[in-house]
Each structure stands twice: as structure tokens, then as C-alpha cells.
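Take a look at the letters that make up each chain.
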Amino acid sequence: MIKHIAAVFWKQIKDTLKNKETLIQFVMFPVMAMIMEKAIKVDGLPSGYFANMFSAMYVGMAPLVSVAAVIAEEKEKNTLRVLMMSGVKPVEYLLGVGSYIWFACIAGALVLGMAGNYRGKGLAVFLGVMAVGILTSLLIGAAIGTLSRNQMMATSLMVPVMLIFAFLPMLANFNETIKKAARFAYSQQVGVLLGQIGTLDRFHVSFENTMVIGMNMIIALLVFRYAYRRSGLA
Amino acid sequence: MEYAIEMNHIVQRFAEKEVLRGIDLKIHKGEIFGLLGPSGAGKTTLIKILTGQLDQTGGEALLLGKNTRKLQEVHQRLGMMMDQFGLYERLSCYDNLKLFTKIYDVEEKRVEKALKKTGLFEDRKCPAMKLSKGMRSRLSLARAFLAEPEVIFLDEPTTGLDPATAAEIHKLILEEQNRGATVFLTTHNMEEAYKLCNHVALLNEGSIVEYGEPEEVCRRYNHQKKLLIRLYDGKQLELPNDRKAAETVKEYLEEERLETIHSTEPSLETVFMELTGRRFE
């Protein structure tokens, strides 16, 4: 099992390095956060404001889009079927692709954390929150990829979902009604948790944070289960 | 007799449509078997059942003695080349094969051997997306042969290829047979089947309408039983296959006038047309 997961992981590294569309998902927000943190200095703006904002968007976008795009492309190009026919089990494939994207996103999160001037324990908490958000996003992306027959279908499903999860945390800053609705999105809860890291002694994970992220994960798993039972992975 | 593949009354329905209607076939170990039929006859459906990609509606299929509904244990003993090649477009030829050495847990040096065997070694760094159709076919074959499988499924391996590339692929298939592999190929190229296969089955509208060695099948439908003779002066004669004709042929031979002599058994395509009233497309 480990060998198959490692093989899929290796394939994904090789493929991503030559796939600019996927690669850009991992680097776009960290680079933007670094530029904004360096370039924009406004009195009264808390430290790491842009890094936190882009981190919440990153969580809602990069893992979700990447994993859905990878699965949908493999289905469309028939490579997923070839892998399954070679003895790779669906769970091995998902763990291989998922772990690669998770690590790549954590690397991006590290850059975001550095851009937000988090160090030591603050950086560790930042990465921990991001890790949970990325995992939730991966589950939603996997569900979309499994539901989709091809890349076009994946795009039409993933774009609205990604827009909601990626932009709700930012829009919630400007409108109270949106803020109320955004509470139910895991990316907003990730944003809320990230916003507390600046004052680490007051950082705590609330019941609402846990419930919303947990429920988002469960819904993603249920959608994935439905999609998998309907047509399998390949 | 040991069989690599056994099919016992395989039935496949999609909604109301019966695509396979009780297929019974046994394929010996080490032979090249050709499943022939026009597009839509059910060839790819049967391959999908035999490779565990599709659960049949009825009947039983065994691959290397294992029920095809539970094939997980024998995946490494199978090689496959499907109608869609399923190559990683952005990966090089080398990396496309290296991935499968990791999956099959075989030595990486097999990649070089496979690339040399299929004539792709010079293009090993070339991404699959930049290969011609013939090269993609060869890369797909190299992948199918990589683990030196016991059974190889080839779904129309030479469709759309020029004769020279098709001949190269035929050579590779024969080499695999010499290694001891059983090859199951589907094709609508009758010449290919005649040249490569030890046994063929003609599939039409979900049923096997003929089975046997290619020559034997053709001989079975030799209703005319005549000899076709061409002389050096351009004259062509059709003679009955009897004692009197033998004397005539002898005379032409003695006079050194005989250019060619052929029997009149039909081609596989003619047999198929006679059986079904359809042409191969």
C-alpha cells in the first residue's frame, strides 16, 4: 500500500512541476501576501492582516481546485483507469494525490505564515489551523473531482464552490449580513482562528469553530461517498 | 489443458439492450487470441469484463483461474493497452514507464529495456503529449509489457497506424508470445488477425458466430473448392480442384508457363460477411 501511495505521490510531484495551472494555485496567494505585507503599510492595520486574509482565501481555493482538477483530468484522460488496472486501489490513489497537495499547500502556508511575521509558537499554531482548513478543502475537492466525468464538469462545479469558500472570509469584513452567513463556512472559521494568532495568549478554539469545520468535513465526506458509490473513482 | 481465460455464458445488458449474449470461450495459455468484429459488436465490453472493469450481468469469467469480479490479486500479472492510451501527457516517456515500475515494484532498469525494445529510447525525455500516434501506441505497449505479464489485453492496437508502425507492433506482440505470454487482442483488421492469431472468434451483435484457427475458419467456408491460375502470358484460369486440373497444372509447369497458383478459400472478412451480411468498418 505504501509503495503505491509513494508512486502516486512521485507522479504528482513530476506532473505538477510541468503543470503551470496547478503550480500557480500553490504559489499565487503566498507571493501576493508577501508583496502586500511588504508594500502596504497603513496605520492601525494589525500585523499580518494581508497574510491572514490571503491565507483564508488560500485555504478555500488552492487545495480544493488542485485536487478536483487532478482527479477530473485523470478521469478524462483515462490515466486513472490505467492506475486502477495496475492494482492501485482508490484509497491509495486518493492518499497519494491528497497527501502531495496537502504538503504542497502546507509549504505555501509556511510562506504565508512567514509573510505574516509569525514565528515560533505563533507559526506552529498558524500552520496547525491552516492544516485543518486545507484538509477540509481537500475533502470538498475530492468530492467534486469524483462527481465529475471530465475537466469541464469539474470546472463548472468547482468555480462556484471555490468562490464561496475563498471569498466569503474577505467579503465578511465589509458586510454584516455576509458575515452572518459566512459563519457556516469552514474558511471563515479558519479566518477567525488565524485572526486570533496575533494575540496568542487569547487564542482559543471555540465550539462554533469546531462544529462548523467538523460539519463542513462531514458534508464533504458524504458528498464524496455518494459520488464514489454512484460511479466509482475511475 | 490449462486455460488463461475462461468465459462461461457471459451476458451483458445495458438497460434493455443485450450487448453480449452468452459468450462461451476458452483461451489457452501462451496463445494469441483474436476477437474480431465490427465497431459496436461488443469487443471492448468483453475486454472490460475480463479485466474486471465491468461486472457482467450474467455468467462467469475466469482470468488465470480467478473470478474477474475479484481481480485485485492478479493485476500485476496483467498488461493492458486500451483504445485510449491513458498516458501522462506532461511526463516524459521515461517517467511514464518509471511510474509503473514503482507500482509493479520491479527494477527501474526495465524502463530502458522497454524503451529500447519499442524504439523509443532516443525519445525517452520527450513528453508524451509531443509523441505521434504510432509512438504513443508503442509507449502504451511498452507499459503493458513492463511487468512481463502472463496475460496481455490489447484493444485494437494498430487502429489508425501506418503499415510500417503496425508491423513493428506485430513484431512486439509476437515477441511477447515467445516469452510465454497469452495475448488477447481485439481488432477489425482481418489481415492482422490472420497473421498473428492462433485462434480467432468472430463476434457479431453480441454473439460468437465462428471460432477456430484462422486458416481453418477460412477453409471451412471454401465452398467453391477451385484453383486460380495465372500464366506468364497474362491468361487467368479457374479450375476445379480435381484430378483433371492436376494434369492441366502439370502441363503448364512442364511448359514453364505457370506464374501463380492459388486456392479459392475466402478471406476472414469474406467469411464474416457471409455469416452476418455486414462489412467491417
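For the structure itself, consult the block above.
What you see is a predicted model; the values in this text were computed from it and never measured.

Some details on the overall build of chain B
Phase 1: If you tally the helices and strands in chain B, you get 9 helices and 13 strands.
Phase 2: Once the C-alpha set of chain B is aligned to its principal axes, its extents read approximately 65 × 50 × 35 Å.
Phase 3: A burial count over chain B gives 52% of its 281 residues as buried.
Phase 4: Put simply, 67% of the contacts in chain B that link residues at least 6 apart link residues at least 24 apart.
Phase 5: The averaged location of the 46 negative side-chain charges in chain B is 5 Å from the averaged location of its 41 positive side-chain charges.

Here's the deal with the environment of Ala 107 of chain A
Residue and element names in this part refer to chain A.
Phase 1: In this structure, Ala 107 sits in helix α5 (residues 90–115).
Phase 2: On the basis of relative accessibility, which here comes to 43%, the residue Ala 107 falls in the partly exposed class.
Phase 3: For the pair formed by Ala 107 and Thr 16, sequence separation is 91 residues and the distance between their alpha carbons is 14 Å.

Comments concerning a nonpolar patch on the surface
Phase 1: On the surface, Phe 207, Met 211, Met 215, Ile 218, Ile 219, Leu 222 and Val 223 of chain A cluster together into a nonpolar patch covering about 670 Å² of accessible area.
Phase 2: By the secondary structure assignment, Met 211 of chain A is in helix α10 (residues 207–231).

Notes on the side chain of Gln 189 of chain A
Residue and element names in this part refer to chain A.
Phase 1: Inspection of the secondary structure puts Gln 189 in helix α9 (residues 186–196).
Phase 2: Side-chain polar atoms of Gln 189 contact the side chain of Asn 209, separated by 2.6 Å.
Phase 3: Setting aside chain neighbours within four positions, we find Gln 189 in contact with Arg 183, Glu 208, Asn 209, Val 212 and Ile 213.

Re the packing of helix α2 (residues 20–39) of chain A against helix α3 (residues 49–76) of chain A
Residue and element names in this part refer to chain A.
Phase 1: Orientation of α2 relative to α3, taken along the N-to-C sense of each, is 175 degrees, at an axis distance of 9 Å. The orientation of α2 relative to α3 falls into the category roughly antiparallel. Mapping the contact onto sequence places Thr 22, Gln 25, Phe 26, Met 28, Phe 29, Pro 30, Met 32, Ala 33, Met 36 and Glu 37 in α2 and Tyr 49, Phe 50, Ala 51, Phe 54, Met 57, Tyr 58, Met 61, Ala 62, Val 65 and Ser 66 in α3.
Phase 2: Taken together, the residues of the contact of α2 with α3 sort by class into 16 nonpolar, 3 polar and 1 charged.

Overview of the sheet that holds strand β7 (residues 151–155) of chain B
Residues and elements named next belong to chain B.
Phase 1: In spatial order, the strands read β6-β7-β8-β3-β9-β10; together these 6 strands make up an open sheet with mixed pairing. If you trace the sheet from one side to the other, it starts and ends with β6 (78–81) and β10 (207–212), each paired once. Neighbour to neighbour, the strand axes of the sheet diverge by 15 degrees on average, direction disregarded.
Phase 2: Note that β7 and strand β8 (residues 182–187) share 5 bridges and pair parallel. Pairing of Ile 152 across the sheet is with Val 183, part of β8.
Phase 3: Where helix α4 (residues 133–145) meets the sheet, it contacts β6 and β7, and its direction lies at approximately 170 degrees from that of β6.

Observations regarding the interface of chain B and chain A
Phase 1: Across the boundary between the two partners, chain B contributes 25 residues, which contact 24 residues of chain A.
Phase 2: Both faces combined, the contact of chain B with chain A buries some 2400 Å², and carbon together with sulfur accounts for 61% of it.
Phase 3: One can count 4 salt bridges joining chain B with chain A.
Phase 4: Across the pair Arg 90 of chain B and Asp 15 of chain A runs a salt bridge, and its minimum N-O distance is 3.0 Å.
Phase 5: Of the residues forming the side of chain B that touches chain A, the biggest block, 7 residues, is contributed by helix α2 (residues 93–104) of chain B.
Phase 6: Grouping the amino acids of the side of chain B that touches chain A by side-chain chemistry returns 10 nonpolar, 7 polar and 8 charged.

Considerations on the sheet that holds strand β2 (residues 17–28) of chain B
All names here are of chain B.
Phase 1: With antiparallel pairing, the 4 strands of this open sheet are ordered in space as β2-β1-β4-β5. Where the open sheet ends on each side, the last strands, each with one partner, are β2 and β5 (66–67).
Phase 2: Pairing between strand β1 (residues 3–14) and β2: 9 bridges, direction antiparallel. When the sheet's bridge partners are listed, Ile 5 is paired in β2 with Ile 27.

Side note on the pattern of salt bridges
Phase 1: Summed over the entire model, instances satisfying the criterion amount to 28 salt bridges over all chains.
Phase 2: For Lys 226 of chain B, the salt bridge is made with Glu 238 of chain B, and the minimal N-O distance between the two is 3.3 Å. Within this pair, whereas Lys 226 of chain B is found in strand β11 (residues 226–231), its partner Glu 238 of chain B is found in strand β12 (residues 236–240), the two being separated by 12 residues in sequence.
Phase 3: Owing to a relative accessible area of 29%, Lys 226 of chain B belongs among the partly exposed residues under this scheme.
Phase 4: With relative accessibility at 46%, the residue Glu 238 of chain B sits in the partly exposed group.
Phase 5: Here Arg 257 of chain B ties to Asp 233 of chain B by a salt bridge, and the two come within 3.5 Å at their closest N and O atoms. With Arg 257 of chain B in the loop between α8 (243–254) and β13 (258–263) and Asp 233 of chain B in the loop between β11 and β12, this pair connects stretches of sequence that are 24 residues apart.
Phase 6: Of the residues examined, Arg 257 of chain B reaches a relative accessible area of 29% and is grouped as partly exposed.
Phase 7: Each of the salt bridges in this network shares a partner with another, and the network as a whole consists of Asp 15, Glu 73 and Lys 77 of chain A together with Arg 90 of chain B.

Cut-offs used in this document
- Residues numbered from 1 in each chain as written.
- Chains lettered and ligands numbered in written order.
- Predicted model: local features only at pLDDT ≥ 70, side-chain atom pairs only at ≥ 80, totals over all residues.
- Heavy atoms only, no water.
- Helix = DSSP H or I, 4+ residues; strand = E, 2+ residues; numbered from the N terminus.
- Buried < 20%, exposed > 50% of the residue type's maximum accessible area, 1.4 Å probe, protein only.
- Contact = heavy atoms within 4.5 Å.
- Lys, Arg positive; Asp, Glu negative; His and termini not counted.
- Charge placed at Lys NZ, Arg CZ, Asp CG, Glu CD.
- Patch = residues over 30% accessible without salt bridge, like charges linked within 9 Å, V, L, I, M, F, W, Y side chains within 5 Å.
- Areas by Shrake-Rupley, 256 points an atom, 1.4 Å probe, with all protein chains shown as cover.
- Salt bridge = Lys/Arg side-chain N within 4 Å of Asp/Glu carboxyl O.
- Polar contact = N/O pair within 3.5 Å; in protein donor to acceptor, adjacent residues only side chain to side chain.
- Axes fitted to C-alpha atoms, helices over the stretch in contact; angles between N-to-C directions.
- Parallel < 35°, antiparallel > 145°, perpendicular 65-115°, else oblique.
- Nonpolar A, V, L, I, M, F, W, Y, C, P; charged D, E, K, R; others polar.
- Pairing = 2+ DSSP bridges.
- Buried area = accessible area lost by both parts, 1.4 Å probe.

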